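Chain and residue survey
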Amino acid sequence: QKEVEQDPGPLSVPEGAIVSLNCTYSNSAFQYFMWYRQYSRKGPELLMYTYSSGNKEDGRFTAQVDKSSKYISLFIRDSQPSDSATYLCAMSAYAGNNRKLIWGLGTSLAVNP
Amino acid sequence: GAVVSQHPSWVICKSGTSVKIECRSLDFQATTMFWYRQFPKQSLMLMATSNEGSKATYEQGVEKDKFLINHASLTLSTLTVTSAHPEDSSFYICSAKLGQPQHFGDGTRLSIL
């Protein structure tokens, strides 16, 4: 079993839809959770960063962490064609400089005009 | 926001050539940088962790004599692929830490003929 599971999709939605992206994990020590967006042939771009449980909102994006269920989500409201990309979740247990991120496979999202 | 610059963005060269990729943190100092490799439709694979002024820490299975990493200053890390062969063709991405999350460069597409 992988430490982080993420459905690779592809996920296709109409413009304006609410998108829900999810990751599950097995290591209960994970405390730091990140969502990255990656466009084709580009490096990942940090979207959301959360520590421990709870919700965090930034514009059209909301990140949720449920540590009891070992489940994290990213919601995109009023999705736009420019949101079409691969979304990667990443997480780690420690805060040290050399701490490694554990990555999901990424979910490919297409928002259709 | 934190900006990481990676150069070059695309390299095509003959088999046997050595290729150097630069990673710079433009608006912050990074004591730790990371080098990743990514194959098409796959997630990021950590190759090595680079600490300023010391030897890099390589992940299991990554040849340190093949992938030379130098982190000579707080804003620059370099990855040199020595005597590159077609199987080294891939997308190489660096990242630098500012606080907790990692910030990524735009990647280097390496094609070995």
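Everything discussed here concerns the structure shown above.
Residues numbered from 1 in each chain as written. Chains lettered and ligands numbered in written order. Predicted model: local features only at pLDDT ≥ 70, side-chain atom pairs only at ≥ 80, totals over all residues. Heavy atoms only, no water.

Along chain A, the regular secondary structure elements total zero helices and eleven strands. When the helices and strands of chain A are read in sequence order from the N terminus, they spell out β-β-β-β-β-β-β-β-β-β-β. For 113 residues, the compact-globule estimate of 2.2 N^0.38 gives 13 Å, and chain A sits close to it at 14 Å. Split into buried and exposed, the 113 residues of chain A put 42% on the buried side. At a minimum sequence separation of 6, the contacts of chain A that also span at least 24 residues come to 55%. When the accessible area of chain A is evaluated, it comes to approximately 5,500 Å², of which 49% is carbon and sulfur surface. Once the 11 positive and 10 negative side-chain charges of chain A are each reduced to a mean point, those two points are 8 Å apart. (Helix = DSSP H or I, 4+ residues; strand = E, 2+ residues; numbered from the N terminus. Rg over C-alpha atoms; globule rule 2.2 N^0.38 Å. Buried < 20%, exposed > 50% of the residue type's maximum accessible area, 1.4 Å probe, protein only. Contact = heavy atoms within 4.5 Å. Areas by Shrake-Rupley, 256 points an atom, 1.4 Å probe, with all protein chains shown as cover. Lys, Arg positive; Asp, Glu negative; His and termini not counted. Charge placed at Lys NZ, Arg CZ, Asp CG, Glu CD.)

Moving on to the interface of chain B and chain A. At the interface, 24 residues of chain B touch 22 residues of chain A. The largest share of the area that chain B buries against chain A comes from B:Ser43, B:Gln100 and B:Phe104, three residues that together contribute 27% of it. Remark: the boundary between chain B and chain A carries two salt bridges. A salt bridge links A:Lys42 to B:Asp106; its shortest N-O distance comes to 3.7 Å. Taken together, the connections running from chain B to chain A amount to five residue pairs in polar contact (both at pLDDT 80 or more). Elements that contribute at least two residues to the side of chain B that touches chain A include exactly strand 4 (32-38), strand 5 (44-51), strand 9 (90-97) and strand 10 (102-104) of chain B. Counted by class, the side of chain B that touches chain A contains eight nonpolar, twelve polar and four charged residues. (Buried area = accessible area lost by both parts, 1.4 Å probe. Salt bridge = Lys/Arg side-chain N within 4 Å of Asp/Glu carboxyl O. Polar contact = N/O pair within 3.5 Å; in protein donor to acceptor, adjacent residues only side chain to side chain. Nonpolar A, V, L, I, M, F, W, Y, C, P; charged D, E, K, R; others polar.)

Membership of the largest hydrophobic core comes to 25 residues, with the highest contact counts inside it found for A:Trp35, A:Ile72, A:Leu74, A:Tyr87 and A:Met91. The set of elements that each furnish at least two residues to this core consists of strand 3 (19-25), strand 4 (32-38), strand 5 (45-51), strand 7 (61-66), strand 8 (71-76), strand 9 (85-92) and strand 11 (107-112) of chain A. In this structure, B:Cys13, B:Phe28, B:Met33 and B:Ile112 belong to the second largest nonpolar core, which totals 24 residues. (Core = buried A, V, L, I, M, F, W, Y, C linked by side-chain atoms within 4.5 Å.)

Here we take up the packing of aromatic side chains. Taken as a whole and assessed by the stated rule, the structure comprises ten aromatic pairs over all chains. Measuring from centroid to centroid gives 5.4 Å for A:Tyr25 and A:Phe33, while their planes differ by 45°, and the two rings are tilted. (Phe/Tyr/Trp six-rings, centres within 6.5 Å; stacked < 30°, edge-to-face > 60°.)

Residues and elements named next belong to chain B. If you walk across this open sheet you meet the four strands as 1-3-8-7, and the pairing is antiparallel. Unpaired on one side and paired on the other, strand 1 (4-7) and strand 7 (67-73) mark the two borders of the sheet. Sheet twist, expressed as the mean angle between neighbouring strand axes with direction ignored, is 15°. Relative to strand 8 (residues 76-81), strand 7 is paired through five bridges, and the arrangement is antiparallel. (Pairing = 2+ DSSP bridges. Axes fitted to C-alpha atoms, helices over the stretch in contact; angles between N-to-C directions.)

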